[in-house]
Amino acid sequence: RAYHSWLESMMDKYPDLIIENCSSGGMRMEYAMLSVQTIESLTDQEDFRNMPAIAANCATAVLPEQGAMWSYPTSSENDDETALNMVNAMLCRIHMSGEIANLSDSQMDLVKEGIECYKAIREDIKTFKAFYPDGIETYGKDWLSVGYTAGDKKYLAVWRLKSDNDKHTVNVGDNIKEAEIIYPKSSKCEMNISGDSIEVKL
């Protein structure tokens, strides 16, 4: 309570100050704290393979516009893994880290494209309402997904991790008229729309 009171006094004194709550490990990722703090750092996980389960479920605990997810590309990854890093963070608030200075030209292009895509959609993030086509996600799954409704649009993130099956069907809950891959534009992903479902081939 004393800490919360001090935070309120700081916000009163400096109303434009952005304070990040980075205490989820200390059980402070809750809305007594986030009522006076702008951003919640969601994890300090660095392995991109462990991030999708966190990214897919984070809206169960924090609003997407307050949740900050790390994108952590490294020079040892290939282009697909760099893109996966960006997708992990693009539907909340991006925190960039990793080995940015050591990335290849193609990796850097994917990071830049991801940031540009994020800037194009971030106004919608304020209105996001989450839905879970595959249910609440867990570690160890081959495919993961999460969706967000924003007015008459829906955003969908789909991750293929270690599956030998290159196809996965995602139910988005409405009759789909059209779908577009907004990142990465170079994706070899194929989509087949059928009623309220999209079959993703990745």
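Just above sits the structure.
Only a predicted model underlies this, so the values are computations on that prediction, with no experimental measurement involved.

Here the focus is the overall build of the protein. The helix and strand inventory of the protein stands at five helices and ten strands. The C-alpha radius of gyration computed for the protein amounts to 18 Å, which stays within 12% of the reference 17 Å derived for 202 residues, consistent with globular compactness. Of all intrachain contacts in the protein linking residues separated by at least 6 positions in sequence, the fraction that spans at least 24 positions is 57%.

This next bit is on the side chain of D124. By secondary structure assignment, the location of D124 is in helix α5 (residues 105-125). In this view, D124 contacts A150, K153 and Y155; residues no more than four positions away in its chain are not counted.

Here we come to the packing of aromatic side chains. A full pass over the atoms with the stated rule returns three aromatic pairs. Summarising the aromatic geometry, the rings of Y3 and W6 are spaced 6.2 Å apart at their centres and angled 15° between planes, so their arrangement reads as stacked. Of this pair, Y3 and W6 both sit in helix α1 (residues 2-13), three residues apart, which is roughly one turn of the helix. Consider the rings of F128 and Y148, whose centres lie 4.6 Å apart with planes at 15°: the pair is stacked. Here Y148 lies in strand β6 (residues 143-150) and F128 lies in the loop between α5 and β5 (129-131), a separation of 20 residues in the sequence. For the pair F128 and Y148, one class covers both residues: buried.

What follows is about the pattern of salt bridges. In the structure shown here, the tally under the stated rule is six salt bridges. One salt bridge in this structure joins K185 and E180, with 3.2 Å as the shortest N-O distance. In this pair, the class of K185 matches that of E180, namely exposed.

So, on to the pairing of strand β4 (residues 93-96). Across four bridges, strand β3 (residues 67-71) lies against β4 in parallel orientation. The residue bridging W70 from the neighbouring strand is H95, located in β4. In terms of handedness, the path from β3 via helix α4 (residues 79-90) over to β4 forms a crossover that is right-handed.

Moving on, we get to the sheet that holds β5. In space, the three strands of this open sheet follow the order β5-β6-β7, with antiparallel pairing throughout. Where the open sheet ends on each side, the last strands, each with one partner, are β5 and β7 (153-160). The mean inter-strand angle of the sheet, taken between neighbouring strand axes irrespective of direction, is 20°. Pairing analysis gives three bridges linking β5 to β6, with the strands arranged antiparallel. Bridge pairing in β6 links A130 to Y148.

Moving on: α5. Between its first and last C-alpha, α5 extends 29 Å over 21 residues, near the 30 Å set by a 1.5 Å rise per residue. Along α5, the helix axis deviates most sharply at K119, where the bend reaches about 40°. Those residues of α5 lying buried are Q107, L110, V111, E113, G114, C117, Y118, I121, D124 and I125.

Before going further, it helps to examine α1. Here α1 spans 17 Å end to end across twelve residues, near enough to the 16 Å set by a 1.5 Å rise per residue. By the burial criterion, the buried members of α1 are H4, L7, M10 and M11. Seen along its axis, α1 keeps its buried residues to an arc of 120°; they face one direction. For α1, the exposed residues lying more than 90 degrees away from the buried face are A2, D12 and K13. The inward-facing, buried residues of α1 contact α2 (31-34).

This part covers the environment of G195. Examined against the element boundaries, G195 turns out to sit in the loop between β9 (190-194) and β10 (197-201). Given a relative accessible area of 38%, G195 falls into the partly exposed group. Along the backbone, G195 and R28 are 167 residues apart, and their C-alpha atoms lie at a distance of 42 Å. Non-local contacts of G195, meaning those with residues more than four positions away in its chain, are made with D174, N175 and I176.

Rules behind the numbers
- Residues numbered from 1 in each chain as written.
- Predicted model: local features only at pLDDT ≥ 70, side-chain atom pairs only at ≥ 80, totals over all residues.
- Heavy atoms only, no water.
- Helix = DSSP H or I, 4+ residues; strand = E, 2+ residues; numbered from the N terminus.
- Rg over C-alpha atoms; globule rule 2.2 N^0.38 Å.
- Contact = heavy atoms within 4.5 Å.
- Phe/Tyr/Trp six-rings, centres within 6.5 Å; stacked < 30°, edge-to-face > 60°.
- Buried < 20%, exposed > 50% of the residue type's maximum accessible area, 1.4 Å probe, protein only.
- Salt bridge = Lys/Arg side-chain N within 4 Å of Asp/Glu carboxyl O.
- Pairing = 2+ DSSP bridges.
- Right-handed = clockwise from strand over helix to strand, strands pointing away.
- Axes fitted to C-alpha atoms, helices over the stretch in contact; angles between N-to-C directions.
- Expected span 1.5 Å × (residues − 1).
- Bend = angle between axes of the 7 residues up to and from the residue.
- Arc of directions from axis to C-beta.

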